[in-house]
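# Descriptive analysis of the structure
As a plain string of letters, each chain reads:
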Amino acid sequence: MKQLPFVSLLLLALANMHPTKGHGQAGSADTSISRDDTKFVQTLIDNASSGDTVHLPGDRVYRIRTIHLRQGVSLRSNGMIKQLPPHVAEDFTWAKQYSDYPLFYGHNVKDIHISFREAHTYGEAVRLDSCERITIHHAKAIGDSTKLLSFAGFYIHQSRAIHIDHVEVAGYGMKRRSPDYYQRGTGIRIQTCQQIRIRGSHIHDNAENGIFLHSCSDVAIHGNDIHRNGMSGVQVAFGSMGVERDYRITRNKLFENAADAIDINNPEASRTVAINAYIAENISKGNGWVNGTETRDGSGIATLVGLKQVLVKGNRSEQSNRPAVYIRECDGVNVIDNKSDNFAEIVGRQGQIRLVKNTFTGLRVLRDLRAEKLQLDSNHIGYLALHNDIQVDSLVFIGNNLKGNINFHLEGSLVFKDNLLSSRSPRGAISLRKVNEAILSGNEITADTAVDALTIHGEASNVVVEANTILSTAACIRDEGAPELKVVGNTFARSPGNAPAPAFVSRSPNALLLKDNIYPQHEGIEAPRLIVIEQEGSVTMDSVARALL
């Protein structure tokens, strides 16, 4: 790319000047040209050749209406640009999401670089339609922050290979004042585009989303500061064709946006979109609030709805008002090594969901969950809320550090292995109410409560409790008549300083097996029976267990 020589540009500028009062040098005095510089700048562009760069010198203010970009002609402005007010005011509507009054407008052009030191606009700073290979870099766009229904700072439609690099976009639309509704005005609005790159930019204080994408593919959003926008930091919306795929949202800072940090929401329940998204190493703080009041949104890391093939890895979140990660109607979602001071939440129909090495305050699995497989591996989770009647073909917990009572009431199978669980809940550590089959193996379970540590109810079928260490104030295990319950090779222990209690209690054994377990030792005339069978039933036990009846 070549640049027009400065002398030639200056001669061209002088040829297009109109006489005014005050005769300062071109490029230094605001009174040296007419009030409307549109024709002056447009002539520079129209007279340039493909590959040229038109340079507007600094130390002056350019007053411009709309500049039409030409193919292959780039523009760099070191001067301040102030867009003149439109003759007819326009408002954003769903029927017309772009203005007729952008500052820079490109239609069906390609191979252009645009940079400008600072521009104050009424319409979009940049509007591109059917363009290709356009780079907007080192630019600052300031909108009308008093406008209720504002257009976007940048609006890009049906274009490809668009790079937005080290820009600032702010003030497009009135600041959100209510937690219940928001105004219009997005920082960067992109629709039906491919090969989008947004990096190193500061997108803040816009009325709606920081970045909004609709029906786009091959998108990378990297290393941006996205702050104090009236909706989400990044929102991905979906059309009817399912073209949305290949998203990388990485190393962004998303602070104090009024809705979600990242919202990828496909509302079409009949189909999930294989989006192939990578959401990694973002930092978010304080999302989902307006003037200290919660909004209805506000996920700290991401909201994921109707998606396949998503990896959420290494993100950090704090002080957001909604779940750190919200997952609904998804498949093939892996949530790995994230940290938040809020819950994760899983709802609706799911395929396979994995949570690995995360730290969350808690995990909520809501009543309507229907999943093929939900696996939790090596997480630190403060509280688990598993609603009754969830349906999971395979529910797997391996190597997690968990707190509080866990209530299992599901259709499907359960694997609960090598976990560390401690509970002070009045409901004990584990309530196994309903399951088709389950194995609890190699866990360390501590219940500092007057309620039995592990209660297995009559609707829990084909349960194996094997090689666990269970420390409890009350009974370590209580059997409420679970069919074919097998309790094998466990170590039962008493919490120190508490009154003796039975280690194992069965209300009505139903083909119960007790074998190779280790029981606590009690001495004295007040030592209780360590195994209590309250009602008649069928039980098989080894000689050690029989001696303790």
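Just so it is clear, the structure is predicted and the values come from calculations on it, not from any experiment.

### Some remarks on the overall build of the protein chain
Looking only at helices and strands, the protein chain has three helices and 54 strands in total. For 549 residues, the compact-globule estimate of 2.2 N^0.38 gives 24 Å, and the C-alpha radius of gyration of the protein chain, at 32 Å, exceeds that figure by more than 25%. Counting only C-alpha atoms and orienting by the principal axes, one finds that the protein chain spans roughly 115 × 40 × 35 Å. Counting all 549 residues of the protein chain, 54% fall into the buried class. Pairs at least 24 apart in sequence give 54% of the contacts found in the protein chain among residues at least 6 apart. Element-wise, carbon and sulfur atoms account for 48% of the exposed surface of the protein chain, whose accessible area totals about 22700 Å². Here the protein chain holds 59 positive side-chain charges and 59 negative ones, and the gap between their average locations is 6 Å.

### Here we look at the confidence of the model for the protein chain
When pLDDT is averaged along the protein chain, the result is 89, and 91% of the positions lie at 70 or above. A low-confidence stretch, residues 1-33 stays under pLDDT 50, and its non-local contacts, those more than four residues away or across chains, total 55 contacts.

### Notes on the environment of leucine 376
Relative to the assigned elements, leucine 376 resides in strand E35 (residues 370-377). Filtering out sequence-adjacent residues up to four positions away, leucine 376 remains in contact with Leu355, Leu363, Ile381, Leu384, Val396, Phe397, Ile398 and Asn400.

### Here we look at the side chain of arginine 184
The topology assignment puts arginine 184 in the loop between strand E10 (160-170) and strand E11 (188-191). In terms of polar contacts, arginine 184 uses its side chain to reach the side chain of glutamate 208, at 3.0 Å.

### Considerations on the pairing of strand E17 (residues 234-237)
Along a regular strand, successive side chains alternate from one face of the sheet to the other. The two faces of E17 match: Val234 and Val236 on one face and Gln235 and Ala237 on the other face are all buried. Sheet topology places strand E14 (residues 211-214) next to E17; four bridges connect them, and they run parallel. Note on E17: the bridge partner recorded for isoleucine 211 is valine 234. Here E17 runs beside strand E20 (residues 262-265); their pairing, made up of three bridges, is parallel. Bridging from a neighbouring strand, valine 236 pairs with isoleucine 264 of E20.

### Here's the deal with the pattern of salt bridges
When charged atoms on two side chains of opposite charge get close, those side chains can pair. Summed over all chains, the structure comprises 17 salt bridges. Between lysine 96 and glutamate 90 there is a salt bridge, with its nearest N and O atoms 3.1 Å apart. For lysine 96, a relative accessible area of 25% corresponds to the partly exposed category. Here aspartate 100 makes a salt bridge to lysine 96, at a shortest N to O gap of 3.3 Å. Each of Arg478, Glu480, Arg507 and Glu534 takes part in one network of salt bridges that share partners.

### Looking at unusual backbone geometry
One non-glycine residue, histidine 166, lies in positive phi territory at about 55°. With respect to the helices and strands, histidine 166 occurs in strand E10. Looking at histidine 166, the relative accessible area reads 40%, which means it is partly exposed. Here the phi dihedral of glutamate 329 falls at roughly 55°; this positive angle occurs in a residue that is not glycine. Examined against the element boundaries, glutamate 329 turns out to sit in the loop between strand E28 (325-328) and strand E29 (331-336).

### Here we look at the side chain of arginine 127
Mapping arginine 127 onto the fold places it in strand E7 (residues 126-129). A distance of 2.9 Å separates the side chain of arginine 127 from the backbone oxygen of serine 99, its partner in a polar contact.

### Considering the packing of aromatic side chains
Tallied over the entire structure, the rule returns ten aromatic pairs. Seen in terms of ring centroids, phenylalanine 492 and tyrosine 519 are 5.4 Å apart; in terms of plane orientation they differ by 55°. Their pairing is tilted. Within this pair, whereas phenylalanine 492 is found in strand E50 (residues 491-494), its partner tyrosine 519 is found in the loop between strand E52 (510-515) and strand E53 (531-533), the two being separated by 27 residues in sequence. Pair check on accessibility: phenylalanine 492 and tyrosine 519 agree, each one buried. Cluster of aromatic residues (ring-pair linked, three or more members): Phe92, Trp94 and Phe151. Over the ring of phenylalanine 212 we find arginine 189; its NZ or CZ atom is 4.3 Å from the centre of that ring. Just above the ring of phenylalanine 343 sits the side chain of arginine 364; from NZ or CZ to the centre is 4.3 Å.

### A short note on the nonpolar core
By size, the foremost hydrophobic cluster in this structure holds 127 residues, and its most contacted members are Phe116, Phe154, Leu304 and Phe408. Phenylalanine 116 has contacts with Ser77, Ile81, Phe104, Ala125, Val126, His137, His138, Ala139, Lys140, Ala141 and Phe154, leaving out every residue within four places of it along the chain.

### Points about empty space enclosed by the protein
Taken as a whole and judged by the stated rule, the model has one cavity of 30 Å³ or more. There is about 30 Å³ of room inside the largest cavity. Forming the boundary of the largest cavity are Val325, Ile327, Val335, Ala344, Glu345, Ile346, Leu355 and Phe360. Those elements that place two or more of their residues in the lining of the largest cavity are E28 and strand E31 (344-347). In terms of residue count, E31 provides more of the lining of the largest cavity than any other element does, three residues in total.

### Thoughts on the pairing of strand E12 (residues 194-199)
Relative to E12, E10 is paired through five bridges, and the arrangement is parallel. Within E12, the residue paired with aspartate 165 across the bridge is arginine 199. Pairing of E12 with strand E15 (residues 217-222), which is carried by five bridges, proceeds in the parallel orientation. Paired with arginine 197 across the bridge in E15 is alanine 220.

### Re the environment of glycine 187
Among the secondary structure elements, glycine 187 is positioned in the loop between E10 and E11. Residue classification places glycine 187 among the buried residues on the basis of a relative accessible area of 0%. Expressed as a C-alpha distance, the spacing of glycine 187 and serine 77, which sit 110 residues apart in the sequence, is 21 Å. Here glycine 187 is in contact with Ala152, Gly153, Phe154, Val169, Ile203, Asn206, Asn209 and Gly210, once residues within four sequence places are set aside.

### Some thoughts on the state of the cysteines
Counted by the stated rule, this structure contains zero disulfides. In this model cysteine 193 remains outside any disulfide bridge; the closest cysteine sulfur is found in cysteine 216, 4.9 Å from its own.

Thresholds applied
The residue count restarts for each chain, going from 1 along the sequence in the order it is written. The model is predicted, so local features are restricted to residues of pLDDT at least 70 and side-chain atom pairs to those at 80 or more, both for listing and for counting; the totals for chains, interfaces and linings are taken over all residues. The basis for every side-chain value is the complete set of heavy atoms in the structure, and neither hydrogens nor water enter the calculation. Helix numbers and strand numbers start at the N terminus; a helix is a DSSP run of H or I with at least 4 residues, a strand a run of E with at least 2. Here the globule rule reads 2.2 Å times residues to the power 0.38, and the radius of gyration is calculated from C-alpha atoms. Between buried and exposed lies partly exposed: a residue is buried under 20% and exposed over 50% of the maximum accessible area for its type, with that area taken using a 1.4 Å probe on protein chains only. Should any heavy atoms of two residues lie within 4.5 Å, those residues are considered in contact. For the accessible areas, the method is Shrake-Rupley and the probe is 1.4 Å, while residue cover comes only from the protein chains on display. The sign given to each residue is positive for Lys and Arg and negative for Asp and Glu; His and the chain ends receive no count. To locate a charge, take NZ of a lysine, CZ of an arginine, CG of an aspartate or CD of a glutamate. pLDDT measures the predictor's confidence residue by residue and takes values from 0 up to 100. Under this definition, polar contacts are N or O atom pairs within 3.5 Å; protein pairs additionally need one hydrogen-donor-capable and one acceptor-capable atom, and for neighbouring residues in sequence, both atoms have to be side-chain atoms. The pairing criterion is simple: DSSP has to find at least two bridges between the two strands. Each reported salt bridge corresponds to a side-chain nitrogen of Lys or Arg within 4 Å of a carboxyl oxygen of Asp or Glu. Each Phe, Tyr or Trp ring (for Trp, its six-membered ring) is paired with any other whose centre lies within 6.5 Å, and the angle between the two planes then decides the class: stacked below 30 degrees, edge-to-face above 60, tilted in between. Each ring is checked for a lysine NZ or an arginine CZ that lies within 6 Å of its centre and within 35 degrees of its normal; such an atom marks a charge sitting over the ring. Definition used in this section: a nonpolar core is a set of buried Ala, Val, Leu, Ile, Met, Phe, Trp, Tyr and Cys residues joined via side-chain atoms within 4.5 Å. Method remark: on a 1 Å grid restricted to protein atoms, a set of points is classed as a cavity if a 1.4 Å probe fits but cannot get out and as a pocket if it is open with protein on both sides within 12 Å along at least five of seven lines; lining residues have an atom within 4 Å of a point. Grid points are joined across faces, edges and corners, and a volume is the space filled by probe spheres set on the points. A pair of cysteine sulfur atoms is labelled a disulfide when the two atoms are within 2.5 Å.

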